[in-house]
Amino acid sequence: MNMLYGFFANKHTLRLLLAVNVLGTIYGYYWYGYQLKETPAIFLPFVPDSPTATLFFVFVLVGFILKRNWGLMEALALITLFKYGIWAVVMNLLTLATTGHLPWEGYMLICSHGAMAIQGILYSPFYRIKAWHLAAAAVWTVHNDIIDYVFDMMPRYSDLWMYMNEIGYFTFWLSILSIFAGYYFGYREKRFTLKIQ
């Protein structure tokens, strides 16, 4: 186990993962481009969910490379990577089930977002999250749901528009599960912890 985590904590691995996440973040903001053009300025920070989650993780990785812990970024990354990673996988599978087909981009999103959820938890032994970090990340996460499903700023999946109420309900409970994951993997006492060497 320690040997495996030694690989994940290696500076070369961290730099490679940083490059992948930077590129993924840029592509994610590009993917949201059409929606961001129509978004009122006050909502802009809350619309591009997945690229913002990977942006939080970019800061976490920079911290690791510098041998530092930025607990707020770690809490935000853990919770949002888990949430939006799972959310996008479910939405694309629901699109497939509803329409009977999925373009290649949908399968790419399933793989990339599944990896998002995994990486957030995979690096959790290195996090140093405090109670206020977790609380702030929880508020951000639930507030984001309010912006999405009360003010209609949710990601656009045209094939699923008729299910928006159900998706909003699912998303709320996914947020609660993600906050619990943040507590369980990133904050609770006696959790498995490691230090970046």
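Above this note sits the structure.
Quick caveat, the model's predicted, so the values are computed rather than measured.

A. Region of interest: the packing of aromatic side chains. Enumeration according to the criterion identifies 20 aromatic pairs in this entry. Where Phe7 meets Phe8, the ring centres are 5.5 Å apart and the plane angle is 65°; that geometry is what we call edge-to-face. Judged by its relative accessible area of 16%, Phe8 falls in the buried class. With centroids separated by 6.3 Å and ring planes inclined at 40°, the aromatic side chains of Tyr27 and Tyr30 adopt a geometry described as tilted. In this pair, Tyr27 and Tyr30 both sit in helix α2 (residues 11–31), three residues apart, roughly one turn of the helix. For Tyr27, a relative accessible area of 36% puts it in the partly exposed group. The class for Tyr30 is exposed, based on a relative accessible area of 66%. Among the aromatic residues, those joined into a cluster by ring pairs are Tyr5, Phe7, Phe8, Phe57, Phe64, Tyr123, Phe126, Tyr127 and Phe192. The aromatic ring of Tyr184 is capped on one face by Arg188, whose charged end is 3.8 Å from the ring centroid.

B. Up close: the nonpolar core. Ranked by internal contacts, the top residues of the largest apolar core, which has 32 residues, are Phe57, Leu61, Phe64, Tyr123, Phe126 and Tyr127. Put simply, the parts of the chain that give this core at least two residues each are α1 (2–9), α2, α4 (49–65), α5 (71–99) and α7 (131–150). With eight residues, α4 is the single largest residue contributor to this core. Residues within four places of Phe126 in sequence aside, it is in contact with Tyr5, Ala9, Phe64, Asn69, Glu74, Leu194, Lys195 and Ile196. In this structure, Ala88, Tyr149, Ile167 and Leu174 belong to the second largest nonpolar core, which totals 10 residues.

About the criteria used
- Residues numbered from 1 in each chain as written.
- Predicted model: local features only at pLDDT ≥ 70, side-chain atom pairs only at ≥ 80, totals over all residues.
- Heavy atoms only, no water.
- Phe/Tyr/Trp six-rings, centres within 6.5 Å; stacked < 30°, edge-to-face > 60°.
- Buried < 20%, exposed > 50% of the residue type's maximum accessible area, 1.4 Å probe, protein only.
- Helix = DSSP H or I, 4+ residues; strand = E, 2+ residues; numbered from the N terminus.
- Lys NZ or Arg CZ within 6 Å of the ring centre and 35° of its normal.
- Core = buried A, V, L, I, M, F, W, Y, C linked by side-chain atoms within 4.5 Å.
- Contact = heavy atoms within 4.5 Å.

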